[in-house]
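Read off the chains here:
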Amino acid sequence: MKLPKKLMLLGSGELGKEFTIAAQRLGNHVVAVDRYPHAPAMQVADECEVISMLSAEDLERVVSKHQPDYIIPEIEAIRTEKLLEFEQRGITVIPTAKATDYTMNRDRIRELAHQELGVRTAKYAYATTLAELQVAASEIGFPNVVKPVMSSSGKGQSVVASATEVETAWNYAIDGSRGDTHKVIIEEFINFEIEITLLTIKQWNAPTIFCPPIGHRQERGDYQESWQPAQIKPDRLLAAQEIATQVTDALGGAGIFGVEFFITADEVIFSELSPRPHDTGMVTLISQNLNEFELHLRAVLGLPIPNIVQYAPSASAVILASKNSDSIYFNGVAEALSVPDVDLRLFGKPDSRPYRRMGVALAKAETTELARAKAFEAASKIEIVDR
Ligand SMILES: Nc1ncnc2c1ncn2[C@@H]1O[C@H](COP(=O)(O)OP(=O)(O)OP(=O)(O)O)[C@@H](O)[C@H]1O
Ligand SMILES: NCC(=O)N[C@@H]1O[C@H](COP(=O)([O-])[O-])[C@@H](O)[C@H]1O
Ligand SMILES: [Mg+2]
């Protein structure tokens, strides 16, 4: 294997930025692509392109122009049929074009896990009209969770407490849906003790390996804080590792996957997975010898991963914007960094909107509780101002 390789990143947010840094540390050439200019990964990549990644023509144009060795999707919203075509033409799509196609929408990956592989998931049904959703809701029971089939980061997702709320949830899901599909998934509400991301590294020519489990807390369907290791019983962890291996084997290829599980008093329930680094996995930027981006890169390029070492209990806490602005400054950086074993990533997104993730605070400590408190404290010291 000869380096450098040319890597084309489809999606250039905070996850892509750290991946680009990891790739360039080993001398690779990165072309960062996204829908808007000055996206985080573009600030550190060798070259960049601003296109609609849902457009087959746009994708064709940039792939023909740059002739990458690898196409590395960083977001879900990509014209995945086109990725299948690139793969047939001999370009390696990470982890596989099939994996990006199956995980673009919630229905295919859910059916693969539940129907083909027999993995335990929340009870679910689909609806394409309000009337269908009302019937499905009465069958699944209350509370339940309604989500657009095409969405991520909690967009269009709501918890429905009773029959009177179904219509509001339907409208919210349709408004929050990516594209023009009017299909929603309704799931039984899982009353979990903890939810985890199991970073699963699938390699070309070596066995699948795992990072210590990451616990996380979500609000509005979007992650607020994560910590590692998550305290779960060894037999639960083993069960999650077996499911993660089964699902990622069915998707094939190589790379890191963020496999999400709900852990209840007596069950391990598969939720969904990202065939790429996971937002909650940003905690590995401080916790491990190799972070999730370095692991992804090594898996993609077929480089060895001799060990994954967790240095100490660690945590991450998000820094969110509160309003629309295109003039972003951060106050409180010095205060946040004055505590030992605390670090920050400020993504450099050119504009903000309410709840947009603009940065993350990272912390290490003697226990996950202390690390969480430190990361939260550091994040709360950062104030986003206009000038
Ligand atoms: N059936 C459920 N029962 C209980 N909580 C749920 C259920 N489905 C989703 N949630 C909560 O909402 C969060 C977001 O849901 P999910 O992961 O399906 O959405 P997402 O939009 O794909 O998020 P992301 O892209 O950020 O991973 C979950 O992490 C969990 O906290
Ligand atoms: N849960 C998926 C996730 O966290 N994805 C990360 O957020 C970026 C989009 O951010 P934006 O919406 O602020 O542009 C994506 O590009 C990726 O880095
Ligand atoms: Mg999720």
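Each value, and the rule that gives it
Residues numbered from 1 in each chain as written. Chains lettered and ligands numbered in written order. Predicted model: local features only at pLDDT ≥ 70, side-chain atom pairs only at ≥ 80, totals over all residues. Heavy atoms only, no water. UniProt positions renumbered as here; feature names shortened; annotations may be inferred. Helix = DSSP H or I, 4+ residues; strand = E, 2+ residues; numbered from the N terminus. Buried < 20%, exposed > 50% of the residue type's maximum accessible area, 1.4 Å probe, protein only. Contact = heavy atoms within 4.5 Å. Pairing = 2+ DSSP bridges. Axes fitted to C-alpha atoms, helices over the stretch in contact; angles between N-to-C directions. Donors = N, O, S within 2.8 Å, 3.2 Å for Na, K, Ca; no water.

With an unreviewed UniProt entry as reference, the protein is termed Formate-dependent phosphoribosylglycinamide formyltransferase, source organism Chamaesiphon polymorphus CCALA 037. The Catalytic activity (unreviewed entry) field of the UniProt record for the protein holds the comment "N(1)-(5-phospho-beta-D-ribosyl)glycinamide + formate + ATP = N(2)-formyl-N(1)-(5-phospho-beta-D-ribosyl)glycinamide + ADP + phosphate + H(+)". Check the Function (unreviewed entry) section of the UniProt entry for the protein; it says "Involved in the de novo purine biosynthesis. Catalyzes the transfer of formate to 5-phospho-ribosyl-glycinamide (GAR), producing 5-phospho-ribosyl-N-formylglycinamide (FGAR). Formate is provided by PurU via hydrolysis of 10-formyl-tetrahydrofolate."

Teacher, can you tell me more about the UniProt feature "binding site: N(1)-(5-phospho-beta-D-ribosyl)glycinamide" (unreviewed entry) in the protein here?
Those places that UniProt annotates as "binding site: N(1)-(5-phospho-beta-D-ribosyl)glycinamide" (unreviewed entry) correspond, in this numbering, to E14, L15, E74, D279, K349, R356 and R357. For L15, the position within the fold is in helix α1 (residues 14–25). Since its relative accessible area comes to 12%, L15 is described here as buried. For D279, the location among the structural elements is in the loop between β15 (268–274) and α9 (284–287). D279 has contacts with L15, D222, Y223 and R357, leaving out every residue within four places of it along the chain.

Explanation requested: the pairing of strand β12 (residues 214–219) in the structure shown.
Taken residue by residue, a regular strand's side chains alternate between the two faces of the sheet. Bridge count between strand β10 (residues 194–202) and β12: three bridges; the pairing is antiparallel. In the sheet register, E195 faces β12, and the bridge partner there is H216. Taken together, β12 and the strand that follows it, strand β13 (residues 222–228), pair antiparallel across an intervening segment of two residues, in which R220 is found at a positive phi of about 50 degrees.

Help me understand the sheet that holds strand β6 (residues 124–127), please; the structure alone is not making it clear to me.
Pairing between the strands of a sheet is mediated by backbone hydrogen bonds and can be parallel or antiparallel. The four strands are arranged β6-β9-β7-β8 in an open sheet whose pairing can be described as antiparallel. The open sheet has two edge strands, β6 and β8 (158–160), and neither has a second partner. Neighbour-to-neighbour, the strand axes of this sheet turn through a mean angle of 30 degrees, independent of strand direction. Where β6 lies against strand β9 (residues 184–188), four bridges are found, and the strand directions are antiparallel. Across the sheet, residue A125 finds its bridge partner in β9, namely I186. Relative to β6, helix α5 (residues 106–116) is tilted by about 150 degrees, and along the sheet it contacts β6, β7 (144–148) and β9.

Sorry, what's going on with the coordination of the magnesium ion (ligand 3) here?
Angles at a metal have ideal values that depend on geometry: 109.5 degrees with four tetrahedral donors, 90 or 180 degrees with six octahedral donors. For the magnesium ion (ligand 3), every protein donor is listed as E260 (OE), E260 (OE) and E272 (OE), and the spread of their distances is 1.9 to 2.5 Å. Residue E260 is found in strand β14 (residues 255–263), and its partner E272 is found in strand β15; the two are separated by 12 residues along the sequence. Owing to a relative accessible area of 24%, E272 belongs among the partly exposed residues under this scheme.

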